[in-house]
Amino acid sequence: MALITLRRNLYHLSDFRMHGALAALKNHPVNHVRKMVKGRLCPWFPSLQPEPCRVRFHHACCKKFHSENGDALHPLGEPVFSQAHDWAGPEQNPESLDEQMFYRRLNDLDSSADVLHFIGTLQPLPDSLAAGALQRICEVEKKDGNHKLPKGILENGVFQDLCVRFEQESPSLSDTALVTALQALSLLYVGPQSNLLLNLVAESRHRVKRGGLEVRSLCILGESLIRLQGPGDETLELIIYQLQGEKLETFAPEDIVALYRILQACAEKVDRHQAFLNKINSFSLSVVSTLSPTLMSQMLTALVALDQTQALPLVIKLGKYAVRHIPHFTHEELRKVLEAFIYFGHNDRFFTTALERHVASLCLTLDPEVISTVTEYCGRKQILSRPIFDAVAETFVGQSEKFSPRQVSELIEPFGKLNYLPPNASALFRKLENLLLTRFDYFPPKTLLKILHSCSLIECHPVNFMAKIFSPYFLQQLQGEESSVDRLSLAQLTQLFLTSVLECPFYKGRKLLPKYQVRSFLTPCCSLETPVDFQLYKSVRIGLIDLLGARMYFASKVLTPYCYTIASSAADVEIKLDEEGLVLPFTIDEDVHKRLALCIDDPKRFSLNSRHLLGKEAIKQRHLRLLGYQVVQIPYYEIEMLKSRVELVEYLQRKLFPHNVGIRW
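Described below are features of the structure shown in this document. (Residues numbered from 1 in each chain as written. Predicted model: local features only at pLDDT ≥ 70, side-chain atom pairs only at ≥ 80, totals over all residues. Heavy atoms only, no water.)

With that out of the way, let us pick up the sheet that holds strand β10 (residues 583-584). The strand order across the open sheet formed by 4 strands is β10-β9-β11-β12, and the pairing between neighbours is mixed. Pairing within the sheet leaves two strands with one partner each, and these edge strands are β10 and β12 (629-635). Across 5 bridges, strand β9 (residues 573-577) lies against strand β11 (residues 594-601) in antiparallel orientation. Across the sheet, Glu574 pairs through a bridge with Ala597, a residue of β11. Along the sheet, helix α25 (residues 534-548) makes contact with β9, β10, β11 and β12, crossing β11 at roughly 145°. Strands β9, β11 and β12 of the sheet are contacted by helix α28 (residues 645-656), whose axis makes an angle of about 150° with β12. (Pairing = 2+ DSSP bridges. Helix = DSSP H or I, 4+ residues; strand = E, 2+ residues; numbered from the N terminus. Contact = heavy atoms within 4.5 Å. Axes fitted to C-alpha atoms, helices over the stretch in contact; angles between N-to-C directions.)

Next comes the structure, spelled out in structure tokens:
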């Protein structure tokens, strides 16, 4: 193993500076020097007992360092012990202790200048420790937001000596020191054509082709090459091939996640590696419980990028263990977790409960991107979480200027979709109205239409904006470069127009032109109505036949005057009554005194695990009443309570004719 010497002009001097004190070390053997260094290091640390600690760097023979975020190396919650060093004598415990103290001290330094000053006092350094110091420098600079090393660092003599040694002695570096140095330099721009990087990359390629690199080194090297050369690097395929030949049982959890990240970077080649991915997905079930919050977030992100929809058992288990990590996720990690659950359609009530506590306690400090993702998650999964929505509404009222148009849309839409008004609804929608008035032109047309339509679902009618969105100018913007306005936008415009007619009779502004109005809200691709479960409709139909005497006395597939469909093949039912309350055949249109609209509501028309109607079902029932229908709701949870056909008939009679003892037809 090569020893890297810093400040070459001091290499042959007998004086060794340590923490401001000059210790003369003349003609001492290496072991004696090490004992003196140990003595000098002792005052820096309150305890020298080998106890678990989190340090950032690894040495040449460490078997359990890992990278949680692809940038920094950390041990698995245990001290790092060296097994062999060129600078060491037969005394194993002092050696391990010295190295542990080195990493502790290094990890306490928060600036590159401090790191360089520290390592400048230690010479010579083993290559593994020097690589760790180099990585700490790059890590500190990246943490400070720098995209490349500052000029002062590049011109520092200690740093230059460090780089020159890695450049000149790359063939003699240990595998771990080599890949660690390459990883460190890949984190920040140091010149991809520099001799240092070229030598390290060339030596790394040589060792990959030669074979024999450990799993950890292969993973670190693969990610470093992706950052430096891109996913098309030819050596990357060889690294993946070699990793496929290893037993997954020998991979540490962080190696598994690193492997996911490597494959994620090569997502366009996922078909080629799908068999290998299937093995990884199955094996990963056994390591989920050991993953840190960062590793869990990265695994879920990779599963999304690789479109591993067949790995639902893994996603479900990740969701189960994500519950305990919710308070410890960073904002970005939590957002990635939620996006993954949205993508895979996963939800878990324990996860939702933990998310409620977290958002309710920290909502005012959460990033707008996280807040909008939380509400989008609730909206997509139809989760009506009052603690979350109340906290989000409060945050928006106080910090609306921080939200982008997209984030505003993702935040507001779930309120309409889930038919929920928070306690501060008046303040929330007043703030929204002011925001739209002042920034109207900044909102993309489709985004603006979604927001206004969502408001109308919960009876917060955007009267002040209707004239604008019904104008030819806005409709032309909505169409954009397409040949026509998309079907969903037309349906939303039509429902807003219907709202202005039925619920806002005082509105006398511009009307929506007939050519932009749809004839039905029930369409296969983008419906504003929810088709009911056919089995539920079938049960109700049998009861109606028994009650009314024949199928001719009720109808389905009836289109109302304003676009709503009273039943498709599996939806609601219309019954006609004359002035005396007699049931008329559905084919008769004369002498109709009253129309009954049966809304047969299956679970899909309600929020998840609740009896709260969705916004699009609530507005439909409101509009049907305003159109003159007597709306009779037949919810699934009432039908499920009935134990016989006789009970079903009696139930329907009470629902349809609550004031009549008997029925005549």
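On the secondary structure map, Glu333 appears in helix α15 (residues 331-344). No salt bridge is formed by the buried Glu333. Its closest oppositely charged neighbour is Arg261, at 9.8 Å. A distance of 2.7 Å separates the side chain of Glu333 from the side chain of Thr294, its partner in a polar contact. Engagement of the side chain of Glu333 in a polar contact is seen with the backbone nitrogen of Thr330, the distance being 3.0 Å. (Buried < 20%, exposed > 50% of the residue type's maximum accessible area, 1.4 Å probe, protein only. Lys, Arg positive; Asp, Glu negative; His and termini not counted. Salt bridge = Lys/Arg side-chain N within 4 Å of Asp/Glu carboxyl O. Polar contact = N/O pair within 3.5 Å; in protein donor to acceptor, adjacent residues only side chain to side chain.)

This brings us to the packing of aromatic side chains. Overall, the coordinates contain 14 aromatic pairs when judged by the stated rule. Each ring, one from Phe102 and one from Tyr103, has its centre 5.4 Å from the other, and the planes form 75°; the classification is edge-to-face. Consider the rings of Phe389 and Phe415, whose centres lie 4.9 Å apart with planes at 75°: the pair is edge-to-face. In this pair, Phe389 is assigned in helix α18 (residues 386-399) and Phe415 in helix α19 (residues 405-417), connecting sequence segments 26 residues apart. Since its relative accessible area comes to 0%, Phe389 is described here as buried. Here Phe415 falls in the buried class, since its relative accessible area comes to 0%. (Phe/Tyr/Trp six-rings, centres within 6.5 Å; stacked < 30°, edge-to-face > 60°.)

The next thing to look at is the pattern of salt bridges. Enumeration according to the criterion identifies 26 salt bridges in this entry. Glu169 is the partner of Arg165 in a salt bridge, and the nearest nitrogen-oxygen pair spans 2.7 Å. Its salt-bridge partner being Glu223, residue Arg261 comes within 2.6 Å of it at the nearest N-O pair. Of this pair, Arg261 sits in helix α11 (residues 253-265) while Glu223 sits in helix α9 (residues 215-229), and the two are 38 residues apart along the sequence. No difference in accessibility class separates Arg261 from Glu223, as the two residues are buried. In this structure, a network of salt bridges that share partners links the residues Asp110, Arg136 and Glu139.

Here we come to the environment of Val359. Along the chain, the position of Val359 falls in helix α16 (residues 349-362). For the pair Val359 and Ile371, spaced 12 residues apart in the sequence, the C-alpha separation amounts to 8.3 Å. Dropping the residues within four chain positions of it, Val359 is found in contact with Leu366, Val374, Ile388 and Ala391.

Negative charge collects at one region of the surface, where Glu579, Glu580, Glu590 and Asp591 lie side by side. Along the chain, the position of Glu590 falls in the loop between β10 and β11. (Patch = residues over 30% accessible without salt bridge, like charges linked within 9 Å, V, L, I, M, F, W, Y side chains within 5 Å. Areas by Shrake-Rupley, 256 points an atom, 1.4 Å probe, with all protein chains shown as cover. Charge placed at Lys NZ, Arg CZ, Asp CG, Glu CD.)

Turning our attention to the pairing of β12. The element β12 is largely enclosed, with a buried count of 5 among its 7 residues. In this sheet, β12 lies alongside β11 in parallel orientation, the contact comprising 7 bridges. By the bridge assignment, Arg595 is partnered in β12 with Tyr629.

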